[in-house]
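Close look at the chain arrangement
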Amino acid sequence: MSEKTATQTQNVTRDIIGESAQMQEVFRAVELVAPTEATVLITGETGVGIEIIAQAIHDNSTRKNEPFKVINCGAFAPELIQSELFGHEKGAFTTAIRKHRGIFEQANGGTLFLDEVSEMSPEVQVKFLRVLEQQEFSPIGGEEIIEVDVRVVAATNRNLKTAVNRKKFREDLYYRLNLFRIQIPPLRNRRADIAPLAHDFVSQLSKGYNKLITDIAPEAIRYLQNINWYGNVRELRNVIETALIFAEDEELKKEDVETAVENLNEPDEHADTHTEEFRDSFAVEADPAQAPNGEPPVIPEDVRNRLSELAQTGTMSEITAYISLMRYEAEIPHSSKQDIAERLQISVPTLDKYRALAEENE
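Anyway, here's the lowdown on the structure attached to this text. Given the structure is predicted, the values throughout are model-derived calculations rather than measurements.

Looking at the packing of helix 3 (residues 78-86) against helix 5 (residues 122-134)
Taken N-terminus to C-terminus, the directions of helix 3 and helix 5 make an angle of 15°; their axes are 10 Å apart at the nearest point. Taken together, the axes of helix 3 and helix 5 are roughly parallel relative to one another. Helix-helix and strand crossings are classified by hand; for helix 3 and helix 5 the assignment is left-handed. For the pair helix 3 and helix 5, the contacting residues are Ile-81, Gln-82, Leu-85 and Phe-86 in the first and Glu-123, Val-124, Lys-127, Phe-128 and Val-131 in the second.

Listed below in structure tokens is the structure:
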């Protein structure tokens, strides 16, 4: 996603939209860490713009004229990720018909952005830790030790500390990565950014549809500012793009935006295939400090059942809101209704709705 400036406070973030106080803190963190050689861990929900921040770190570092390489660790099968990271020699395995340079070698002298770093297998984590500590590795099927000079920026949308407690992520690797953390807040927690983002997307995307749409109606902006945006900036972009298709005037109207939101929020016919994924997400993101011995808390059967039902029939927003409510009430059981609603960035009627969902199986 390419974004134009909405703030001139820092040159390091000139290509990133963010007028909110929360994003100004992110920009300040980028400004501080970019000139150093420190490993950076970026955390945040899917769609908040993690790769853009990683690119900003590289562009404002002493390595800016060297390669910036990106790899999504969750996009490769476990047996392939080692080859993608470290390369392989010809004949190292059945399909290795030629030598392959891994992305660490390709990024030599520059920056390597590792997205979804939590998806690395334990075996790969060991080799990755060695590169971080010693800046050297051996390709698959090779004995040669390759030395590299690579700065690592890693990212995850999962709770790595929880993964460590569940023995799914190495503790030594966690502390090696968690040297300097940048947490990107979700869009629903920085609503001041919604209007400038929406205006920018209209400017960018309307040209592609050969439409002379130059503005968004104020009531359309207010409508957008009241949505929870669980898909974050990416979801907002999708809504604006869809609304542009429906629009018939030179101004994007509230009706266009409402139609786009309804169009994109239809229930997933195949949501039942993702039931286990939603359950796992709830377990990983829960706070292990709330349970004995640092283990993740046991999810009550009625909550699991309701989550399963929502996975089959609900929208992504309904599923995420229900998970958020269960997590929040488990952590702070004596909070007032208003406090819980405000912390979750939802209305009290919406809170009542999800509480009712939780009580259906009690």
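From this point, things continue past the structure.
Some details on the side chain of Lys-127
Of note, Lys-127 is situated in helix 5. No salt bridge forms around the buried Lys-127; measuring N to O, its nearest opposite-charge neighbour Glu-123 is 7.6 Å away. A distance of 2.7 Å separates a polar atom in the side chain of Lys-127 from the backbone oxygen of Ser-138. What Lys-127 contacts, discounting residues up to four positions off in sequence, is Gln-82, Phe-86, Ser-138, Pro-139 and Ile-140.

Focus: helix 10 (residues 232-246)
Every α-helix carries 3.6 residues per turn, so stepping three or four residues along brings you back to the same face. Helix length check: helix 10 (15 residues) gives 22 Å between terminal C-alpha atoms against 21 Å at 1.5 Å per residue, within 8%. For helix 10, the elements touching its buried residues are helix 8 (194-206), helix 9 (218-225), strand 9 (251-252) and helix 11 (254-264).

Some points on the pairing of strand 6 (residues 151-156)
For strand 6, the tally of buried residues reaches 6 of 6 residues, placing the bulk of the element in the interior. What you see with strand 6 is no split at all: Arg-151, Val-153 and Ala-155 on one side and Val-152, Ala-154 and Thr-156 on the other are buried throughout. With 4 bridges joining them, strand 1 (residues 40-43) and strand 6 adopt parallel strand pairing. Residue pairing across strands places Thr-43 opposite Thr-156, the latter belonging to strand 6. In this sheet, strand 6 lies alongside strand 3 (residues 111-115) in parallel orientation, the contact comprising 4 bridges. From the neighbouring strand, Leu-114 faces strand 6, where its bridge partner is Ala-154.

Observations concerning the environment of Phe-137
Structurally, the position occupied by Phe-137 is in strand 4 (residues 136-137). Of the residues examined, Phe-137 reaches a relative accessible area of 1% and is grouped as buried. Note: C-alpha distance between Phe-137 and Phe-104 (33 residues apart in sequence) is 9.1 Å. In contact with Phe-137, not counting residues within four places along its chain, are Phe-86, Phe-104, Glu-105, Arg-130, Val-131, Glu-144, Ile-145, Ile-146 and Val-148.

The rules behind each value
- Residues numbered from 1 in each chain as written.
- Predicted model: local features only at pLDDT ≥ 70, side-chain atom pairs only at ≥ 80, totals over all residues.
- Heavy atoms only, no water.
- Axes fitted to C-alpha atoms, helices over the stretch in contact; angles between N-to-C directions.
- Helix = DSSP H or I, 4+ residues; strand = E, 2+ residues; numbered from the N terminus.
- Parallel < 35°, antiparallel > 145°, perpendicular 65-115°, else oblique.
- Left-handed = near helix turned anticlockwise from the far one by under 90°.
- Contact = heavy atoms within 4.5 Å.
- Buried < 20%, exposed > 50% of the residue type's maximum accessible area, 1.4 Å probe, protein only.
- Lys, Arg positive; Asp, Glu negative; His and termini not counted.
- Salt bridge = Lys/Arg side-chain N within 4 Å of Asp/Glu carboxyl O.
- Polar contact = N/O pair within 3.5 Å; in protein donor to acceptor, adjacent residues only side chain to side chain.
- Expected span 1.5 Å × (residues − 1).
- Pairing = 2+ DSSP bridges.

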